[in-house]
Amino acid sequence: MHANMCYEKNYQNKEKENIMKKKILSVFLATAMVAAMAAGCGSVKTDNEVSASESGEKAAGKDVYSEEVKIAFLPNVIGDSVAAAWADGMETYLSEFKNVTFDVYDGEASVDTEVQIMDELINQEYDAIILQATDAAGLASSVDKAEGAGIPVITVNMDADTTHTGMVTMVDVEAGEKVAEAIGESLGGEGEVVIISATPGASKGEQLDKGFKSVMEEKYPNIEILDEQSGEWLTENANTVMTNFLTKYPEIDAVFCHNDAMAEGAAEAAKAAGKDIQIWGCDGETKMLEYIEQGLCTGTIYTDVKNQGAVSAQFAMYAISSGITGANLSETPIVKMSSITVTGENVGQISENMRW
């Protein structure tokens, strides 16, 4: 394993408080299933309906209050502010369990690297994996392999193209719709926009695009989407893309970026070119909120990402405790986090303790 791919932490807890924790875990799957049905996964079947093995026996869970538990978090890239906030939320939740080892790995923004690490995690017999899949199709076989080995996989934001134990996500289609509505209304239904998109194959980018374009087509047919290029999630790449857009299309009215980091790069390019255009991102990271306060960016779709990390860890602990894996499900249960549309008018409502 590469030396920079993992750092390990063992978290110590207070006295057990087992009764309260068991109540929390015992209701979690029910909450997840309700959320899944609300998201359109009404046909999800649990282990009472789908065999957990060829013999039809339910997989045995683990006592997560006394037995040793190992959970891995594998994000697209660990240096990203969103991934760091997720890890913080996971750490906060899992610190209550003295028997849990929580390891964070670096996907290095590479499908090949994530596939390699997934193989290592399976070989090391982790009890659960929380994964941000760099490419939905590219990680599908790795997820299948883990689930087949009895290791539940919880995807976070960026999904895998296969049924697995669960997904905890920001609103994606809805976020794209919200940004399209804000841009369309502010432009009076007429104008020219560009999109700086996610890495090709990333499910989050595909869903954001779906929501944004559907609203533009249905409600604002006189707003033209001039171009769309990937910024690979990165500020520097988005800066280059936006600089090129401004040269090629001098009359751009607005840009939609699939994350805040790219919006920040686009804002710097617009500032350097002396252009006053609407710039929207999606996530709600602290730097983006500061850019909105400074008037460099127009808005973002804010999510409490630390809480999302905690929910992902809670989902993983429930799966370990119950023995649930993708083999027990006909569809992947999805938990969607709530969001807030943030602009200069309400950015002050996102207090310091809500920022990440």
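Our subject is the structure listed above.
Here the structure is a predicted model, which means the values were calculated and not measured.

Enquirer: Residue-level account of helix α8 (residues 260–272), with values.
Expert: Given a rise of 1.5 Å per residue, 13 residues ought to cover 18 Å, and the 18 Å separating the end C-alpha atoms of α8 matches this to within 8%. Counting buried residues in α8 gives 10 out of 13 residues, a clear majority hidden from the surface. Along α8, the residues that are buried comprise D260, A261, M262, A263, E264, G265, A266, A267, A269 and A270. Against the buried residues of α8 lie β7 (191–197), α7 (235–248), β9 (254–257), β10 (278–280), α9 (286–293) and β11 (299–302). For α8, the N-terminal cap is N259; the gap from its side-chain oxygen to the backbone nitrogen of M262 is 3.0 Å. Positive backbone phi, at 70°, marks G274, one or two positions downstream of α8.

Enquirer: So what's going on with the packing of aromatic side chains? Residues and values would help.
Expert: Under the definition given, this model contains six aromatic pairs. Ring centres of Y65 and F97 lie 6.2 Å apart, and the angle between their planes is 35°; on these two criteria the pair is classed as tilted. Of the two residues, Y65 sits in the loop between α1 (18–38) and β2 (69–74) while F97 sits in the loop between α2 (81–94) and β3 (100–105), which places them 32 residues apart along the sequence. F97 carries the same exposure label as Y65, and that label is buried. Here the aromatic rings of Y93 and F97 are separated by 5.7 Å at their centres, their planes lie at 50°, and the arrangement is tilted. One exposure class covers both Y93 and F97, and it is buried.

Enquirer: Hey, could you go over the environment of T199 for me, with residue numbers and the actual values?
Expert: Within the secondary structure, T199 is located in the loop between β7 and α6 (203–219). A residue is classified by how much of its surface remains accessible, and T199, at 18% relative accessible area, is buried. Separated by 59 residues in sequence, T199 and H258 have C-alpha atoms that sit 9.5 Å apart. With sequence-adjacent residues up to four places away left out, T199 is seen in contact with S230, E232 and W233. Polar contacts involving the side chain of T199 include one to the side chain of W233, which spans 3.3 Å.

Enquirer: Summarise helix α10 (residues 305–322); cite the residues concerned and give the values.
Expert: Between its first and last C-alpha, α10 extends 26 Å over 18 residues, near the 26 Å set by a 1.5 Å rise per residue. Across the 18 residues of α10, 15 count as buried, placing the element largely inside the fold.

Enquirer: Residues and numbers for the packing of helix α3 (residues 111–123) against helix α4 (residues 140–148), please.
Expert: Between α3 and α4, the least distance of the axes is 10 Å, while the angle of their chain directions is 5°. Here α3 is positioned roughly parallel relative to α4, judged by the angle of their axes. In this structure, α3 contributes V115, M118, D119 and I122 to the contact, and α4 contributes S142, V143, K145 and A146. Split into classes, the residues belonging to the contact of α3 with α4 amount to five nonpolar, one polar and two charged.

Enquirer: If you had to explain the pairing of β7 to someone new, which residues and values would you point to?
Expert: Burial runs high along β7: six of the seven residues are buried. Following the backbone out of β7, through α6 and into the adjacent parallel strand β8 (residues 223–230), one traces a crossover that is right-handed. Alignment of β7 against β9, held across four bridges, turns out to be parallel. What sits directly across from V194, in β9, is V255.

Enquirer: How would you explain the pattern of salt bridges if you had to name every residue and give the values?
Expert: Per the counting criterion, the structure on display carries 10 salt bridges. Residue K213 is joined to D209 by a salt bridge in which the shortest nitrogen-to-oxygen separation is 3.2 Å. Here K213 pairs with D209, and both are found in helix α6, just four residues apart, close to one helical turn. What makes K213 partly exposed here is its relative accessible area of 27%. For the salt bridge of E293 with R355, the shortest nitrogen-to-oxygen distance reads 2.9 Å. Here R355 lies in the segment after β13 (340–343) and E293 lies in helix α9, a separation of 62 residues in the sequence. In this structure, a network of salt bridges that share partners links the residues D209, K213 and E228.

Enquirer: Any details on unusual backbone geometry? Residues and values, ideally.
Expert: At A109, a residue that is not glycine, the phi angle is positive and equals roughly 55°. Position of A109 relative to the elements: it lies in the loop between β3 and α3. Backbone geometry places D283, a non-glycine residue, at a positive phi of 155°. Within the secondary structure, D283 is located in the loop between β10 and α9.

Enquirer: So what's going on with the packing of α7 against α8? Which residues, and what values?
Expert: At a closest axis distance of 7 Å, the pairing of α7 and α8 adopts a crossing angle of 45°. With respect to α8, the axis of α7 lies oblique. Relative to α8, α7 is oriented so that their crossing is right-handed. For the pair α7 and α8, contact is made by T235, A238, N239, M242, T243 and L246 and by A261, M262, E264, G265, A266, E268, A269 and A270, respectively. The residue makeup of the contact of α7 with α8, split by class, is eight nonpolar, four polar and two charged.

The rules behind these values
Residues numbered from 1 in each chain as written. Predicted model: local features only at pLDDT ≥ 70, side-chain atom pairs only at ≥ 80, totals over all residues. Heavy atoms only, no water. Helix = DSSP H or I, 4+ residues; strand = E, 2+ residues; numbered from the N terminus. Expected span 1.5 Å × (residues − 1). Buried < 20%, exposed > 50% of the residue type's maximum accessible area, 1.4 Å probe, protein only. Contact = heavy atoms within 4.5 Å. Polar contact = N/O pair within 3.5 Å; in protein donor to acceptor, adjacent residues only side chain to side chain. Phe/Tyr/Trp six-rings, centres within 6.5 Å; stacked < 30°, edge-to-face > 60°. Axes fitted to C-alpha atoms, helices over the stretch in contact; angles between N-to-C directions. Parallel < 35°, antiparallel > 145°, perpendicular 65-115°, else oblique. Nonpolar A, V, L, I, M, F, W, Y, C, P; charged D, E, K, R; others polar. Right-handed = clockwise from strand over helix to strand, strands pointing away. Pairing = 2+ DSSP bridges. Salt bridge = Lys/Arg side-chain N within 4 Å of Asp/Glu carboxyl O. Left-handed = near helix turned anticlockwise from the far one by under 90°.

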